[in-house]
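Each chain, letter by letter, is given below.
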2 protein chains.
Amino acid sequence: MKDRQDVESAFARSNLRRTSQRYDVLSWLYRHKRHATAEEIFAAVNKANPRVSRATVYNVLHALVEGRLVRQLNAEGAARYDATLDRHHHFICDTCGAIEDLEWFDLPAAILRGAAGRRAVRETEITLHGVCERCGRK
Amino acid sequence: MKDRQDVESAFARSNLRRTSQRYDVLSWLYRHKRHATAEEIFAAVNKANPRVSRATVYNVLHALVEGRLVRQLNAEGAARYDATLDRHHHFICDTCGAIEDLEWFDLPAAILRGAAGRRAVRETEITLHGVCERCGRK
DNA sequence: GTCCCTGCAAACGGTTTGCACCCGG
DNA sequence: CCGGGTGCAAACCGTTTGCAGGGAC
């Protein structure tokens, strides 16, 4: 099963201690939808394995973000988490609040260089805001 | 004095009822640094005019965002607010957490169109993450 | 064996709410 | 005068913390 290998190799790559709770959270993120809140993750993972507490889900998410296995997205209300299997940007609907993924594209290098000046850029985050297809049809 | 005119004309443009609390908040945003949290705004405005309560600052900020006079930035922890006198992007330092403004630049139209598909885009938000000049020098 | 991780519950910070009063149009 | 805006305090929700016990390496 592919998921399991992905999770194990992610731990191997990352120098993070592999605990069952970390395994459960990361594997859930690989298997489920992006943009989940910590609370959603806690509910799902704790249901499957009650040996995972709320505080630990928060701890684990921080560790995974720190180890670059998971990406944190600051939205209104609660933070949202994505396993970083592939890079992508986001679209947020003004009307219904849905967060949709957009395929990855690069900011042209010349523009990026001009904008960044002397700062060292690690990541470019692009979020489009507007009206999603579903809301636009009404 | 220029500020006052800006604030008044912003209310005229926006169809928002002009109350003294709204005036105080918007005028403070015009006169002070960007990226202030609601709490910072409350502290400053309430000090100058105790007739402004915390709840009202939150109400007012929502109304101003709704009326497009102010932009809301979702960062870690608390939301941050900018009066939208000019458009700009942001840089957030991984090390010290500072939020710096970047001059406005457009995402090339062809790229934007490709990314958006059929969605109606109202705004493009670009946030660069990395290490700021000050932290990079250490 | 050591240190880091975990579980629990209490605390915390930012934000929202309910309701009576007030003021702008 | 009407309807939306305001002040206050309590409630709420997402998140963090302190500490005792447990598991990874």
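It should be noted that the structure appears before, not after, this text.
What you see is a predicted model, and the numbers here were worked out from it, not measured in a lab.

Chemist: Hey, could you run me through the protein's contact with DNA strand C in this one?
Modeler: Near DNA strand C there are 20 residues, and of these Thr19, Gln21, Arg51 and Thr56 of chain A together with His62 of chain B occur at the shortest range. Protein-proximal atoms of DNA strand C, defined as those within 4 Å of the protein, fall in sugar or phosphate at a share of 79%. Within the side chain of Arg22 of chain A, an N or O atom sits 2.9 Å from a phosphate oxygen of DNA strand C. Secondary structure elements with two or more residues in the surface near DNA strand C: α2 (20-31) and α4 (54-66) of chain A together with α4 (54-66) of chain B. By residue class, the composition of the surface near DNA strand C is eight nonpolar, six polar and six charged.

Chemist: Looking at this structure, how should I read the sheet that holds strand β4 (residues 88-93) of chain A?
Modeler: Think of a sheet as strands paired side by side through backbone hydrogen bonds, with each pair either parallel or antiparallel. If you walk across this open sheet you meet the six strands as β5(A)-β4(A)-β6(A)-β6(B)-β4(B)-β5(B), and the pairing is mixed. The open sheet has two free edges, formed respectively by β5 (99-103) of chain A together with β5 (99-103) of chain B, since each of these has just one partner strand. Across the sheet, the mean angle separating the axes of adjacent strands is 30° when strand polarity is ignored. Direction of pairing for strand β4 (residues 88-93) of chain B relative to β5 of chain B: antiparallel, over a ladder of five bridges. Each bridged residue has a counterpart across the sheet, and for Phe91 of chain B the counterpart in β5 of chain B is Glu100 of chain B.

Chemist: Is there a simple way to explain helix α3 (residues 38-48) of chain B in this structure?
Modeler: Because an α-helix completes one turn every 3.6 residues, residues spaced three or four positions apart along the sequence face the same direction. Residues and elements named next belong to chain B. Residues of α3 that are buried include every one of Ala38, Ile41, Phe42 and Val45, and no others. For α3, the arc enclosing every buried residue in end-on projection is 100°, short of the 170-degree limit, so these residues lie on one face. At its buried positions, α3 is contacted by α2 (20-31), β1 (36-37), α4 and β3 (79-83).

So, how was this worked out
Residues numbered from 1 in each chain as written. Chains lettered and ligands numbered in written order. Predicted model: local features only at pLDDT ≥ 70, side-chain atom pairs only at ≥ 80, totals over all residues. Heavy atoms only, no water. Near = heavy atom within 4 Å. Polar contact = N/O pair within 3.5 Å; in protein donor to acceptor, adjacent residues only side chain to side chain. Helix = DSSP H or I, 4+ residues; strand = E, 2+ residues; numbered from the N terminus. Nonpolar A, V, L, I, M, F, W, Y, C, P; charged D, E, K, R; others polar. Pairing = 2+ DSSP bridges. Axes fitted to C-alpha atoms, helices over the stretch in contact; angles between N-to-C directions. Buried < 20%, exposed > 50% of the residue type's maximum accessible area, 1.4 Å probe, protein only. Arc of directions from axis to C-beta. Contact = heavy atoms within 4.5 Å.

By themselves these figures say nothing about function.
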